[in-house]
Amino acid sequence: MAAGVDEDPEKGYAYAQAAKRLAARVGVVREACGIAAYRTGRWAEALAELRAARRMTGHDEYLPLMADSERALGRPDRALALVREANIESLSRGMQIELRIVESGIRRDQGLADAAVLALQVPELTGKRLRPWSARLFYAYADALLAAGREREARDAFARSAEADKGGETDAADRLDELDGFEFEDLAEDEDLEDGDLDDLEDDDEDDLEDDDEDDVEDLAEDDDDEGLEDLIALDGEEADLDDDDDDSEGPQDDEPLPDAAGPSAE
């Protein structure tokens, strides 16, 4: 269970290997090991584990993964042979669709784009009901159409895949943006800037920096002058206060009478 639910493929693979060390002769354990190896791109190991699981359980549900592993190893003939081995009537509709998706990919690898499109033409392509595998079906069909040069139809299929893919299983939205040209628009605008324009921008930046530096120096000089003047004024004020303090410290002379409190100012 841990191998199946962990979002990190490598951690899932480690869990599956731990289970195999405990119960290597249990079919579901070998199935988990095969799926975990497939998720990490260990194609040969995935084939070996899924073959063992198939022998132990007698189930054909592993055939899509086995055929896709053969395809990844560059053996399309063996992959097609596995697709043909399946007892279609015994498989669920989801597994049947998965086999068709793998077959379509094999045909594209062989350069048979029209055959790849034909392999996926099933009633579910035009139905309104969405199923858990609908996003994958629309995505594979879009890839096949694109390989066949039918770009407009491919765009529609990618749009349907993006709409059906609620869990982010595919990158259909990104592929749709690529077809619409959104990914290259910003790059084209950036390329419009010639080398001369870049040089002009650099020169303008340097001029702005030099002007800013000169202004900063002038402001600093003015600030220094103002501060120096203020210091001189403060110093003169302190000296004047000191002179007044010296005069006051001498006090009135003994031979001089104290001024009358009512003096001339009172008049």
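Everything quoted here is computed from the prediction, not taken from an experiment.

Draft legend 1. View of the overall build of the chain. What the chain contains, in helices and strands, is 14 helices and zero strands. Taken across its 267 residues, the chain has 29% of its residues classed as buried. Excluding contacts between residues fewer than 6 apart, the proportion of contacts in the chain whose partners are at least 24 apart in sequence is 48%. Of the accessible surface of the chain, which amounts to about 17,800 Å², a share of 48% is contributed by carbon and sulfur atoms.

Draft legend 2. Expanded view of the environment of Phe158. As for its placement among the helices and strands, Phe158 is situated in helix α10 (residues 151-164). Residue classification places Phe158 among the buried positions, given a relative accessible area of 0%. Residues Phe158 and Tyr139 lie 19 residues apart in sequence; the distance between their C-alpha atoms is 5.8 Å. Apart from the residues lying within four places of it in its own chain, the contact partners of Phe158 are Tyr139, Ala142, Asp143, Leu146, Ala172, Arg175, Leu176 and Leu179.

Draft legend 3. Spatial organisation of the side chain of Ser69. Looking at the element boundaries, Ser69 is found in helix α5 (residues 63-72). With a relative accessible area of 0%, Ser69 lands in the buried category. At 2.9 Å, the side chain of Ser69 forms a polar contact with the backbone oxygen of Leu65.

Draft legend 4. Examining the pattern of salt bridges more closely. All told, the structure shown has 15 salt bridges when counted by the stated rule. Each of the salt bridges in this network shares a partner with another, and the network as a whole consists of Lys20, Arg30 and Glu49.

Draft legend 5. Local environment of the packing of aromatic side chains. For the structure on display, the rule yields two aromatic pairs. When the ring of Tyr38 is compared with that of Trp43, the centres are 5.4 Å apart and the planes differ by 75°; the resulting orientation is edge-to-face. Between Tyr139 and Phe158 the ring centres are 5.4 Å apart and the planes differ by 75°, which places this aromatic pair in the edge-to-face class. Here the residue Tyr139 occupies a position in helix α9 (residues 134-147), and Phe158 occupies one in helix α10, the gap between them amounting to 19 residues. Its guanidinium or amino end placed over the ring of Phe138, Arg160 lies 4.1 Å from that ring's centre, counting from NZ or CZ.

Draft legend 6. Geometry of the packing of α5 against helix α6 (residues 76-85). One can describe the packing of α5 onto α6 by two numbers: an axis separation of 8 Å at closest approach and a directional angle of 165°. Put simply, α5 runs roughly antiparallel to α6. Our pair here, α5 against α6, has a crossing hand that is left-handed. Of α6, the residues touching α5 (which contributes Leu63, Met66, Ala67, Glu70 and Arg71) are Arg78, Ala79, Leu82, Val83 and Glu85.

Draft legend 7. Geometry of helix α2 (residues 9-22). For α2, with 14 residues, the first-to-last C-alpha span of 20 Å sits near the 20 Å given by 1.5 Å per residue. Regarding α2, the residues found buried are Gly12, Tyr13, Ala16 and Gln17. For α2, the arc enclosing every buried residue in end-on projection is 140°, short of the 170-degree limit, so these residues lie on one face. α2 presents Arg21 and Leu22 as exposed residues on the side facing more than 90 degrees away from its buried surface.

Draft legend 8. Seen up close, the side chain of Glu98. Residue placement: Glu98 occurs in helix α7 (residues 93-109). In this structure, Glu98 is in contact with Pro64, Trp133 and Arg136, ignoring residues within four places of it in sequence.

Draft legend 9. Layout of the packing of α9 against α10. Two elements in contact, α9 and α10, have axes separated by 8 Å at closest approach and are oriented at 165°. If you check the angle between α9 and α10, you find them roughly antiparallel. Here the hand of the crossing between α9 and α10 comes out left-handed. Contact with α9, carried on its side by Ala135, Phe138, Tyr139, Tyr141, Ala142, Asp143, Leu145 and Leu146, involves Glu151, Glu153, Ala154, Ala157, Phe158, Arg160, Ser161 and Ala164 of α10 and no other residues of that element.

Draft legend 10. Local environment of the nonpolar core. Counting 23 residues, the largest nonpolar core has Ile97, Leu120, Leu125, Leu137, Tyr141, Leu145 and Phe158 as its most contacted members. Taken together, the elements giving at least two residues each to this core come down to α7, α8 (113-119), α9, α10 and α11 (172-180). Judged by nonpolar contacts, the second largest core, of 16 residues, contains Met66, Ala67, Leu82 and Ile106.

Draft legend 11. Summary view of α7. When the terminal C-alpha atoms of α7 are compared, their 25 Å separation across 17 residues agrees well with the 24 Å that a helix rising 1.5 Å per residue should span. Those residues of α7 that fall on the buried side of the exposure criterion are Gly94, Gln96, Ile97, Glu98, Leu99, Ile101, Val102, Glu103, Ser104, Gly105, Ile106 and Arg107. One or two positions beyond α7, positive phi appears at Gly111, with a value near 80°.

Rules used in this analysis
- Residues numbered from 1 in each chain as written.
- Predicted model: local features only at pLDDT ≥ 70, side-chain atom pairs only at ≥ 80, totals over all residues.
- Heavy atoms only, no water.
- Helix = DSSP H or I, 4+ residues; strand = E, 2+ residues; numbered from the N terminus.
- Buried < 20%, exposed > 50% of the residue type's maximum accessible area, 1.4 Å probe, protein only.
- Contact = heavy atoms within 4.5 Å.
- Areas by Shrake-Rupley, 256 points an atom, 1.4 Å probe, with all protein chains shown as cover.
- Polar contact = N/O pair within 3.5 Å; in protein donor to acceptor, adjacent residues only side chain to side chain.
- Salt bridge = Lys/Arg side-chain N within 4 Å of Asp/Glu carboxyl O.
- Phe/Tyr/Trp six-rings, centres within 6.5 Å; stacked < 30°, edge-to-face > 60°.
- Lys NZ or Arg CZ within 6 Å of the ring centre and 35° of its normal.
- Axes fitted to C-alpha atoms, helices over the stretch in contact; angles between N-to-C directions.
- Parallel < 35°, antiparallel > 145°, perpendicular 65-115°, else oblique.
- Left-handed = near helix turned anticlockwise from the far one by under 90°.
- Expected span 1.5 Å × (residues − 1).
- Arc of directions from axis to C-beta.
- Core = buried A, V, L, I, M, F, W, Y, C linked by side-chain atoms within 4.5 Å.

Treat this as a map of the structure, not an account of what it does.
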